[in-house]
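Architecture and fold: a report
What follows is each chain in one-letter form.
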Amino acid sequence: MEQKETIFTTISRLAQEYNAINLGQGFPNFDPDPRMVNILKELADQKVHQYAPMKGNPKLISRILQLTDHFYQRKLTPENVLITAGATQAIFTAITALVNNGDEVIMFDPAYDCYETPILLQGGVPVRINLTFPQYRIDWEMVEAKLSTKTKMIIVNNPHNPSGATFTESDLDQLENILERYPKLIVLSDEVYEYISFQPHLSCHNREILRKRSVIVSSFGKTLHITGWKIGYMIAEKQLLDQITQVHQYNVFSVNSLCQEAISKFIEIDEVEALSSFFKDKKQLFLSRIQNSKFKILPSGGTYFQLLDYSNISDESDGEFALKLIKEYGLASIPVSGFYKDKSDHKVLRFCFGKDDESLIKASEILCQI
Ligand code: PMP
Ligand code: GLN
């Protein structure tokens, strides 16, 4: 297996070294809600310092059940929820539990970076299919051509990092159709940006067949601006989740007790509901200011990422161009070729607009000078 630093780590390190505005790594550079931070401070004096229950804090699980009922009209029981150390651990644990030697796993490039390693460690075979460019849609005919009785899992990410592309009803239809024809296949649906969607989010929670056969992954890091707390969760039918829990109990056993308790006391449906308009305003602020720049703005329906095509400006590779932006202009972004196994370079950079307004304004001024 390749041993290398993740592109996010590399870019953040360079951003620091060159004192650049960091629109590279996806994390908010503003504080989370002070009320939640106060809850955390108060909890530090209480008896919440020992192991949380293995599957998660029951109050937090019951909050998750409320969210899932409210946003997806899906009524679940605590048996369907497993709280994890961020979405990364959820994904790692689910793949470890469900993928075995020789199993094929279909995944789509550009892909978030944590999918491949657990597949390889299990002796599984990643089957990578490039999304269309520049729409970043799944080519279902290509999927059809790669499906076989060896296919154990399809990993989908909606809304999609890095492109911001979102599913249509037809994507959900296609997935359901495949599940009906391949009875052993499981969908791992990475929906960490479910609440940062600028149109109604079309989740695997929405469909009957997908509910039964999907492991759906969420992250409070995205939803509450607390990426460093590393609290996420997954939802699946009991029989599927039981298999994953077998691995979870030896992988991490249980997750940070203090942070789980603080989230359970803070999170409200209203807060979550307000998230998409909060990020819509940020997106609008950023995009309105780079409208007249030489960068081409690619369409996106969700996440706090925006892809910009610089092919009108330079022929350099996206890695070279990203490095130049950091060193010469003081602005960090992520070269999208880093998300492709075949290093496809469409001359596109990813910018995170989940940042304070001052950073977005300064970044847009820089982009307009280039
Ligand atoms: N999946 C995607 C698509 C992500 O962008 C991220 C992190 N930004 C994760 C998973 C991991 O989430 P967490 O930080 O909760 O581990
Ligand atoms: N998910 C974040 C992003 O896409 C990065 C998190 C990480 O550095 N692993 O930017």
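Below: a short report on this structure. Just so you know, these numbers come straight off a predicted model, no measurement behind them.

1. Observations regarding the nonpolar core
Formed by 86 residues in total, the largest nonpolar core has its most connected members in Val-215, Phe-220 and Phe-286. Sort the elements by how many residues they give to this core and helix α4 (residues 86-98) lands first, with seven residues. When near neighbours in sequence (up to four residues on either side) are disregarded, Phe-220 contacts Leu-60, Ile-64, His-225, Ile-226, Ile-231, Gly-232, Tyr-233, Ile-263 and Ile-267. Within the second largest apolar cluster, 38 residues are counted, among which are Leu-175, Ile-178, Ile-326 and Val-348.

2. Considering the site of ligand 2
Every residue close to ligand 2 is listed here: Phe-8, Gln-25, Gly-26, Tyr-112, Asn-161, Lys-222, Phe-305 and Arg-350. Gly-26 is positioned with one of its backbone polar atoms (N or O) 2.6 Å from an oxygen atom of ligand 2. Contact distances for ligand 2 include 3.1 Å between a nitrogen atom and a side-chain N or O atom of Tyr-112. Starting from 300 Å² of accessible surface for ligand 2 in isolation, the protein chains cover 79%. Taken together, the residues of the shell around ligand 2 sort by class into three nonpolar, three polar and two charged.

3. What to know about the environment of Met-234
Tracing the chain through its elements places Met-234 in strand β8 (residues 232-235). Since its relative accessible area comes to 0%, Met-234 is described here as buried. Taking the C-alpha atoms as reference points, Met-234 and Thr-96, 138 residues apart in sequence, are found 14 Å from one another. When near neighbours in sequence (up to four residues on either side) are disregarded, Met-234 contacts Asn-80, Val-81, Leu-82, Thr-84, Ala-90, Ala-94, Val-215, Ile-216, Val-217, Leu-241 and Ile-244.

4. Considerations on the packing of aromatic side chains
Two numbers describe a pair of aromatic rings. These are the distance of the centres and the angle of the planes. Applying the stated rule across the entire model yields 16 aromatic pairs. Where Tyr-51 meets Phe-253, the ring centres are 5.6 Å apart and the plane angle is 90°; that geometry is what we call edge-to-face. A residue pair is termed long-range when its members are at least 10 positions apart, and Tyr-51 in the loop between α2 (34-43) and α3 (58-72) and Phe-253 in the loop between α10 (238-251) and α11 (257-266) qualify at 202 residues. Given a relative accessible area of 73%, Tyr-51 falls into the exposed group. On the basis of relative accessibility, which here comes to 34%, the residue Phe-253 falls in the partly exposed class.

Conventions adopted
Residues numbered from 1 in each chain as written. Chains lettered and ligands numbered in written order. Predicted model: local features only at pLDDT ≥ 70, side-chain atom pairs only at ≥ 80, totals over all residues. Heavy atoms only, no water. Core = buried A, V, L, I, M, F, W, Y, C linked by side-chain atoms within 4.5 Å. Buried < 20%, exposed > 50% of the residue type's maximum accessible area, 1.4 Å probe, protein only. Helix = DSSP H or I, 4+ residues; strand = E, 2+ residues; numbered from the N terminus. Contact = heavy atoms within 4.5 Å. Near = heavy atom within 4 Å. Polar contact = N/O pair within 3.5 Å; in protein donor to acceptor, adjacent residues only side chain to side chain. Areas by Shrake-Rupley, 256 points an atom, 1.4 Å probe, with all protein chains shown as cover. Nonpolar A, V, L, I, M, F, W, Y, C, P; charged D, E, K, R; others polar. Phe/Tyr/Trp six-rings, centres within 6.5 Å; stacked < 30°, edge-to-face > 60°.

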